Amino acid sequence: MSLIVISEPICFNQESRLINLLFDAGLNVFHLRKPGIDCSRYKKLISEIDDKYHDRIALHQFHHLRRAFPLIKRLHYAEQLRKTNSHGEFDELEGYTLSTSVHQLNDLKELNSFDYTFYGPVFNSISKLGYTGLSKANLMLPDQNRKAKIIGLGGITPQNIQEIKQLGFDGAAVLGTIWRDKKAAIINFKSLLIRYNKNFK
């Protein structure tokens, strides 16, 4: 699995420019999550991202936009949305990389249609103050013979990213470390990527 970056939840000036710079710096998987945004603004943001990077974008909302942007082949289903959709719908998405989120590891048995899932927060969240990391007792991941890869997220920094591998995760996703200081986003991403590749590849 490649290192995943999740978007800043709130739109900001020059956002598409910074996203393109992250791709230029080696970002391979970008999750576009914008709770509360309307479809036209979401679509506009996608259109401002260089077409050559569209195959690296995972849509969290407005999945129908995949028809407007045919290079996009990644769809994310939030836990609630996943549970209200039939497995038949997922089966119809052959050729797409599907991801989701779980809050209980017991839900992994429901994920036969998915390529990977987010699970966390592993450490105390950077983007959500007071969002405490999981205890080590809750991080007993099942063996690696599983359909959906488990991606750790929450509080991940260049200093602790190696622990994600040691805890048994298949990869890592980051948010706060990238967006809390946008002027340092590229530097922080490159630092994360170097340490990630050292541990996961």
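The rules behind each value
Residues numbered from 1 in each chain as written. Predicted model: local features only at pLDDT ≥ 70, side-chain atom pairs only at ≥ 80, totals over all residues. Heavy atoms only, no water. Helix = DSSP H or I, 4+ residues; strand = E, 2+ residues; numbered from the N terminus. Expected span 1.5 Å × (residues − 1). Buried < 20%, exposed > 50% of the residue type's maximum accessible area, 1.4 Å probe, protein only. Arc of directions from axis to C-beta. Contact = heavy atoms within 4.5 Å. Disulfide = S-S within 2.5 Å. Core = buried A, V, L, I, M, F, W, Y, C linked by side-chain atoms within 4.5 Å. Salt bridge = Lys/Arg side-chain N within 4 Å of Asp/Glu carboxyl O. Phe/Tyr/Trp six-rings, centres within 6.5 Å; stacked < 30°, edge-to-face > 60°. Lys NZ or Arg CZ within 6 Å of the ring centre and 35° of its normal.

Colleague: What's the story with helix α7 (residues 185-200) in this structure? I'm lost.
Modeller: The periodicity of an α-helix, 3.6 residues per turn, causes residues three or four places apart in sequence to face the same way. In this model α7 runs 21 Å from its N-terminal to its C-terminal C-alpha over 16 residues, within 8% of the 22 Å that 1.5 Å per residue would give. For α7, the set of buried residues is A185, N188, F189, L192, L193, Y196 and F200. Viewed end-on, α7 has its buried residues packed into an arc of 135°, placing them on one side of the element. Of the exposed residues in α7, those oriented more than 90 degrees away from the buried face are I187, I194 and K198. For α7, the secondary structure elements touched by its buried residues are β1 (4-6), α1 (15-24), α5 (161-166), β8 (171-174) and α6 (176-179).

Colleague: Got a minute to help me understand the state of the cysteines in this structure?
Modeller: Here a disulfide denotes a covalent bond joining the sulfur atom of one cysteine to the sulfur atom of another. Under the criterion given, the structure shown has 0 disulfides. In this structure C11 is a free cysteine whose sulfur lies 13 Å from that of C39, the closest cysteine sulfur available. Given a relative accessible area of 30%, C11 falls into the partly exposed group. For C39, a relative accessible area of 23% gives the class partly exposed.

Colleague: Teacher, can you tell me more about the nonpolar core here?
Modeller: Generally speaking, soluble globular proteins have nonpolar side chains that are buried together. L3, I178 and W179 are the most contacted members of the largest nonpolar core, which has 60 residues in total. Once residues lying within four places of it in the same chain are set aside, the contact partners of I178 are V5, L22, A185, N188, F189 and L192.

Colleague: Would you take a moment to explain the environment of A173 for this structure?
Modeller: If you trace the backbone, A173 turns up in strand β8. In this structure the C-alpha to C-alpha distance between A173 and F118, which are 55 residues apart in sequence, comes to 7.8 Å. Among all residues touching A173, those that are not within four sequence positions of it are I4, I6, F118, I151, G152, L153, G154 and I156.

Colleague: Sorry, what's going on with the pattern of salt bridges here?
Modeller: Side-chain pairing between opposite charges can occur once the charged atoms of the two side chains come close. Inspection of the entire model under this criterion finds 6 salt bridges. Taking the shortest distance from any N to any O, the salt bridge between E8 and K182 comes out at 3.0 Å. With E8 in the loop between β1 and α1 and K182 in the loop between α6 and α7, the pair connects residues that are 174 residues apart, well separated along the chain. Its relative accessible area of 16% is what places E8 among the buried residues. A salt bridge links K34 to E15, with the nearest nitrogen and oxygen atoms 2.5 Å apart. Placement of the pair is K34 in the loop between β2 (29-32) and α2 (39-47) and E15 in helix α1, with a sequence separation of 19 residues. When its relative accessible area of 0% is taken as the criterion, K34 is described as buried. Several salt bridges share partner residues, and in doing so they unite E79, K83 and D107 into one network.

Colleague: Help me understand unusual backbone geometry in this model?
Modeller: Negative phi is the rule for most residues except glycine; trans is the rule for most peptide bonds. For the bond running from G120 to P121, omega is 5°, close enough to zero to count as cis. Inspection of the secondary structure puts P121 in the loop between β6 (116-119) and β7 (149-153). Backbone geometry places F62, a non-glycine residue, at a positive phi of 50°. One can find F62 in the loop between β3 (57-59) and β4 (74-77).

Colleague: Explain the packing of aromatic side chains to me, please; I cannot follow it from the model alone.
Modeller: Remark: the centre distance and the inter-plane angle together describe each pair of aromatic rings, the angle taken between the planes. Under the criterion given, the structure shown has 9 aromatic pairs. Centroid distance F23 to Y53: 4.7 Å. Interplanar angle 20°. Geometry classified as stacked. Taken together, the residues span a long stretch of sequence, with F23 in helix α1 and Y53 in the loop between α2 and β3 at a distance of 30 residues. Accessibility assignment for this pair places F23 and Y53 in one class, buried. Between the aromatic rings of Y196 and F200, the centroid separation amounts to 4.4 Å while the plane-to-plane angle is 15°, which identifies the pairing as stacked. Here Y196 and its partner F200 are both found in helix α7, 4 residues apart, which amounts to about one turn of the helix. This pair shows no difference in class: Y196 is buried, exactly as F200 is. By the ring-pair criterion, three or more aromatic residues cluster together here, those being F23, F30 and Y53. It is R66 that lies over the ring of Y96; its NZ or CZ is 5.7 Å from the centre. A cation sits over an aromatic face here: K182 above F12, 4.8 Å from the ring centre.

Just geometry here; none of it tells us what the structure is for.
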